[in-house]
Amino acid sequence: ACTLDVMECPDGSFVDRDPENDCEFRPCPEEEEEREEPSVGACTLDVMECPDGSFVDRDPENDCEFRPCPEEEEEREEPSVGACTLDVMECPDGSFVDRDP
């Protein structure tokens, strides 16, 4: 299991750690584009900051659009039991952590 921190890329997006690559950070979007085009159904691994300060990632089942921010999601429906919001928190050392379900 990898730590749940994220790294900020030069373009301002964030990437998390890849458990299938010895928990190294996933490549930043510009680094990934240099390698090859992502496979069909794969989204870039960046996140978007919501107005409340939380972060959401992209949804491969919705044309890789960003998932709705928590306040937008609350307006649609109540979250299922046991689900955590998709936000992250910045730690004093500059690293980021997400919620533990």
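Now for a look at the structure at hand. (Residues numbered from 1 in each chain as written. Predicted model: local features only at pLDDT ≥ 70, side-chain atom pairs only at ≥ 80, totals over all residues. Heavy atoms only, no water.)

A count of helical and extended segments in the protein gives 2 helices and 8 strands. In sequence order, the secondary structure elements of the protein are arranged as β-β-β-α-β-β-β-α-β-β. Sorting the 101 residues of the protein into buried and exposed places 26% on the buried side. Within the structure as shown, the protein displays about 7,400 Å² of accessible surface, and the carbon and sulfur contribution to it stands at 46%. (Helix = DSSP H or I, 4+ residues; strand = E, 2+ residues; numbered from the N terminus. Buried < 20%, exposed > 50% of the residue type's maximum accessible area, 1.4 Å probe, protein only. Areas by Shrake-Rupley, 256 points an atom, 1.4 Å probe, with all protein chains shown as cover.)

Summed over the entire model, instances satisfying the criterion amount to 4 disulfides. Between the sulfur atoms of C2 and its disulfide mate C23 the distance is 2.0 Å. On the S-S bond that ties C2 to C23, the torsion sits near -85°, and the link is left-handed. Linking C2 in the segment before β1 (6–8) with C23 in the loop between β2 (14–18) and β3 (24–25), this pair joins segments that are 21 residues apart in sequence. Here C2 falls in the buried class, since its relative accessible area comes to 17%. (Disulfide = S-S within 2.5 Å.)

Applying the stated criterion across every chain, the model contains 1 aromatic pair. Ring geometry for F14 versus F55: centroids 5.0 Å apart, planes at 70°, classification edge-to-face. Of this pair, F14 sits in strand β2 while F55 is found in strand β5 (residues 55–59), placing the two residues 41 residues apart along the sequence. The burial state of F14 is the same as that of F55; both residues are buried. (Phe/Tyr/Trp six-rings, centres within 6.5 Å; stacked < 30°, edge-to-face > 60°.)

Turning to the sheet that holds β2, a few remarks are in order. Pairing within the open sheet is antiparallel, and its 3 strands lie in the order β1-β2-β3. Every interior strand has two partners, whereas the edge strands, β1 and β3, have only one. Where β2 lies against β3, 2 bridges are found, and the strand directions are antiparallel. In the strand pairing of β3, D18 is matched with E24. (Pairing = 2+ DSSP bridges.)

We now examine the side chain of S54. Positionally, S54 belongs in the loop between β4 (47–49) and β5. Side chain to side chain, S54 and D52 meet in a polar contact 2.6 Å long. (Polar contact = N/O pair within 3.5 Å; in protein donor to acceptor, adjacent residues only side chain to side chain.)

Here we come to the sheet that holds β4. With antiparallel pairing, the 3 strands of this open sheet are ordered in space as β4-β5-β6. Bordering the open sheet on either side are β4 and β6 (65–66), each of which pairs with just one other strand.

Counting through the fold element by element, E24 comes out in strand β3. Spatially, the C-alpha atoms of E24 and C2 are 8.7 Å apart, while their sequence positions differ by 22 residues. Contact partners of E24, with chain neighbours within four places excluded, come to D16, R17 and D18. (Contact = heavy atoms within 4.5 Å.)

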